[in-house]
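# Fold and geometry: a report
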Amino acid sequence: FSAMTLLSRVAGYVRDALQAHLFGTSAAVSAFVIAYRIPNYLRRIFAEGSFSSAFVPVLSELQGKGDERALQDFVDHVAGALLAAVVLVTGLGVLLAPWIARLFLLFAGEHNEGLVPLTAEMLRITFPYLTFISMTALAGAVLNTFRHFGLPALTPVLHNLAVIAAMVLLARWFEVPEKALAWGVVAAGAMQLAVLWPAMARLGVRPRLRFGMRHPGVRRVARLMLPTIFSSSVAQVNLLVGTVFASLLVAEAQSWLYYSDRLTELPLGLFGVAVGTVILPQLSRHHADADTGGYSKALDWGLRIVLLVGLPAALGLALLAEPLTATLFLHGEFSPRDTAMVGYALVAMSAGIPTFMLSKVLLPAFYARQDTRTPMRAAVRTVIANVALTVAIVTPLWWWRVPYAHAGIAAATAIAGVLNAWLLWRALRREGVYVAQPGWGRWMLRILAALAVMTLAVLAVRHQVGAWAALDWKARVAWLLAAVGAGAGAYGATLVALGLRPRHLRH
């Protein structure tokens, strides 16, 4: 899963780099960011977030019973119900696009008032993506339940390739070239569905759309799914909150936050989502078999792995925020000012990466037991805290016209992520569902010592460079590789020196 996701992230970087080169952080890019973020949030509900979290445990249970007819009937009815729901939401989104755009640009002043009609126009283009990607997610959930993880993880590559093709082939034909991005998103959804849907047939599962909403399986999934709407997408909800508050600021703020978010998505997708996706069917089976010991050990393994990777990823992004942004995006329409502003947001957001990753593992621990109410309560408290933090941090920065006020939005999101992970972990401990395995103290001491050595190695390389933006492109790449290599080498070598071995990474 991680290997396929890495290919997707590489393609995603090419997409973002081309977007930065062609369009920079223009107001039209900010309009696209909003128009993409809204159906993308709904995707978390109807696709791999809430839907998959409710669908996979029920499907795993039926698979364990070995009743192929019941499993097929369940998939048929859920597919029909999901399609009906997303088509309805898509239609409403297209009709209500002007009002939705106004809602998310609530504080738009004269400096970015023109964003509203352009955002509404792009929303009408991007909303059908929701239908395609939701049905794609159903196919991916079926494949994951049957322990086929590679193809669902690979299809996001098609998403990035479709957007790249749209920028190269279509942008020149639009009066506002950035509209090509919106059309690329729709094409991406259609391409992913075309690849994954037939793959189910090779497993002997060929969904026939049945629209019986009263089917017991459909009602059970819906009952489990409703409370997860917040809990499965806390980070996305917080991004939407940030989107509203960013309309207070300059138009480019939306784009600066977008690029910083894209960079934090690399470790999250590569490891956090990967571990969470792979561990959910396993936890579901342990729960169905009443194997509490195996359940707790699997969860403990997931937590250790994401901390082993998430802590150095967060620290590395913070230490190399501006060099990374300059190396990846500083060319064409993307300016040195954009580089600095994205760097500020990335430093603030990186503090939340380890806890974002922990939440990706902690949430399946609840969903595998078909407990969706506890994560919902934690999510509601997290979103309320995020709104309060955003107001408290951003308002004074906006009032005093601080140029990097948008970083306050990223900081509030990161702090809220810490709160969410802590609430989930505390709930599992209180319920006695999770019992920490021996060796946590030694595990964390190894990681902290390795982080200290890694910091010294990265700073030693960075101090050799000075102003990163002043370097030419080849020099930036060479020095960035040197800094990353020094940090990763120091981290890994310290762990090995302190006794960490490959057997410790196995569950």
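Criteria and thresholds
- Residues numbered from 1 in each chain as written.
- Predicted model: local features only at pLDDT ≥ 70, side-chain atom pairs only at ≥ 80, totals over all residues.
- Heavy atoms only, no water.
- Helix = DSSP H or I, 4+ residues; strand = E, 2+ residues; numbered from the N terminus.
- Rg over C-alpha atoms; globule rule 2.2 N^0.38 Å.
- Buried < 20%, exposed > 50% of the residue type's maximum accessible area, 1.4 Å probe, protein only.
- Areas by Shrake-Rupley, 256 points an atom, 1.4 Å probe, with all protein chains shown as cover.
- Lys, Arg positive; Asp, Glu negative; His and termini not counted.
- Charge placed at Lys NZ, Arg CZ, Asp CG, Glu CD.
- Axes fitted to C-alpha atoms, helices over the stretch in contact; angles between N-to-C directions.
- Parallel < 35°, antiparallel > 145°, perpendicular 65-115°, else oblique.
- Left-handed = near helix turned anticlockwise from the far one by under 90°.
- Contact = heavy atoms within 4.5 Å.
- Expected span 1.5 Å × (residues − 1).
- Phe/Tyr/Trp six-rings, centres within 6.5 Å; stacked < 30°, edge-to-face > 60°.
- pLDDT = per-residue confidence, 0-100.
- Core = buried A, V, L, I, M, F, W, Y, C linked by side-chain atoms within 4.5 Å.
- Salt bridge = Lys/Arg side-chain N within 4 Å of Asp/Glu carboxyl O.
- Polar contact = N/O pair within 3.5 Å; in protein donor to acceptor, adjacent residues only side chain to side chain.
- Nonpolar A, V, L, I, M, F, W, Y, C, P; charged D, E, K, R; others polar.

If you tally the helices and strands in the chain, you get 22 helices and zero strands. Here the chain has a C-alpha radius of gyration of 22 Å; the compact-globule value for 507 residues is 23 Å, and the two agree. Within the chain, the fraction of its 507 residues that count as buried is 57%. Surface exposure of the chain reaches about 20700 Å², of which carbon and sulfur atoms provide 68%. Computed over 42 positive and 24 negative side-chain charges, the inter-centroid distance for the chain is 8 Å.

As a packed pair, helix α15 (residues 292-319) and helix α17 (residues 336-350) sit with axes 8 Å apart at the nearest point and diverge in direction by 155 degrees. Taken together, α15 and α17 sit at an angle that is classed as roughly antiparallel. In this structure, the crossing between α15 and α17 has a hand that is left-handed. Touching Ala 314, Leu 317 and Ala 318 of α15 are Leu 346, Val 347 and Ser 350, all from α17.

Between its first and last C-alpha atoms helix α19 (residues 373-399) spans 39 Å; for 27 residues at 1.5 Å apiece the expected length is 39 Å, and the two agree. Within two residues after α19, Arg 401 carries a phi angle of roughly 55 degrees, on the positive side.

Before going further, it helps to spend a moment on the packing of aromatic side chains. Under the criterion given, the structure shown has ten aromatic pairs. The interplanar angle of 15 degrees and the centroid separation of 5.4 Å between the aromatic rings of Phe 55 and Phe 74 together place this pair among those described as stacked. Of this pair, Phe 55 sits in helix α3 (residues 50-65) while Phe 74 sits in helix α4 (residues 68-95); the two residues are 19 residues apart in sequence, bridging distant segments of the chain. Like Phe 74, Phe 55 is buried. Each ring, one from Tyr 259 and one from Phe 329, has its centre 5.1 Å from the other, and the planes form 50 degrees; the classification is tilted. In this pair, Tyr 259 is assigned in helix α14 (residues 253-288) and Phe 329 in helix α16 (residues 321-329), connecting sequence segments 70 residues apart. In this pair, the class of Tyr 259 matches that of Phe 329, namely buried.

Moving on, we get to the confidence of the model for the chain. Residues with a pLDDT of 70 or more make up 94% of the chain, whose mean pLDDT is 86. By mean pLDDT, the top-scoring element of the chain is helix α21 (residues 440-462) (96), and the lowest-scoring one is helix α12 (residues 228-231) (65).

This brings us to the environment of Ala 470. Checked against the element boundaries, Ala 470 lands in the loop between α21 and α22 (473-497). By relative accessible area, Ala 470 is classed as exposed at 66%. Residues Ala 470 and Pro 336, 134 residues apart in the sequence, show an inter-C-alpha distance of 9.3 Å.

Note on placement: Pro 312 falls in helix α15. Separated by 41 residues in the primary sequence, Pro 312 and Ile 353 place their C-alpha atoms 9.8 Å from one another. Excluding residues within four positions of it along the chain, Pro 312 makes contact with Leu 307, Leu 451, Met 454 and Tyr 491.

In this model, Arg 401 sits at a positive phi of 55 degrees, which is unusual for a non-glycine residue. Looking at where Arg 401 falls in the secondary structure, it is placed in the loop between α19 and α20 (406-431).

Below, the discussion takes up the nonpolar core. Counting 155 residues, the largest nonpolar core has Phe 55 and Phe 74 as the members making the most contacts within it. At 13 residues, the largest contribution of residues to this core is made by helix α2 (residues 27-46). In contact with Phe 74, other than residues within four places in its own chain, are Phe 55, Val 58, Leu 59, Leu 62, His 215, Gly 217 and Val 221.

Mapped onto the fold, Arg 147 is located in the loop between α7 (129-145) and α8 (150-154). Under the relative-accessibility criterion, Arg 147 is labelled exposed at 52%.

This next bit is on the pattern of salt bridges. By the definition in use, this model includes ten salt bridges. Between Glu 265 and Arg 9 there is a salt bridge; the shortest N-O distance is 3.8 Å. Here Glu 265 is found in helix α14, whereas its partner Arg 9 is found in helix α1 (residues 2-23), with 256 residues between them in sequence. In this structure, Arg 262 and Asp 16 form a salt bridge, with 2.8 Å as the shortest nitrogen-oxygen distance. Here the residue Arg 262 occupies a position in helix α14, and Asp 16 occupies one in helix α1, the gap between them amounting to 246 residues. Among the ionic contacts, a cluster of salt bridges with common partners joins Arg 15, Asp 16 and Arg 262.

The next subject is the side chain of His 77. Checked against the element boundaries, His 77 lands in helix α4. Within the local environment of His 77, its side chain forms a polar contact with the backbone oxygen of Asp 73, the two atoms lying 2.9 Å apart. Sequence-distant contacts of His 77, defined by excluding residues within four places in its chain, comprise Arg 210, Gly 212, His 215 and Val 218.

This part takes up the packing of α15 against helix α18 (residues 353-367). Put simply, α15 and α18 touch, their axes get as near as 7 Å, and they point 165 degrees apart. When the axes of α15 and α18 are compared, the pair comes out roughly antiparallel. For the element pair α15 and α18, the recorded crossing hand is right-handed. Contact residues: α15 offers Tyr 295, Leu 299, Gly 302, Leu 303, Val 306, Leu 307, Val 309, Gly 310, Leu 311, Ala 314 and Leu 317, while α18 offers Ile 353, Pro 354, Met 357, Leu 358, Val 361, Leu 362, Ala 365 and Phe 366. Tallied by class, residues from the contact of α15 with α18 come to 17 nonpolar, two polar and no charged.

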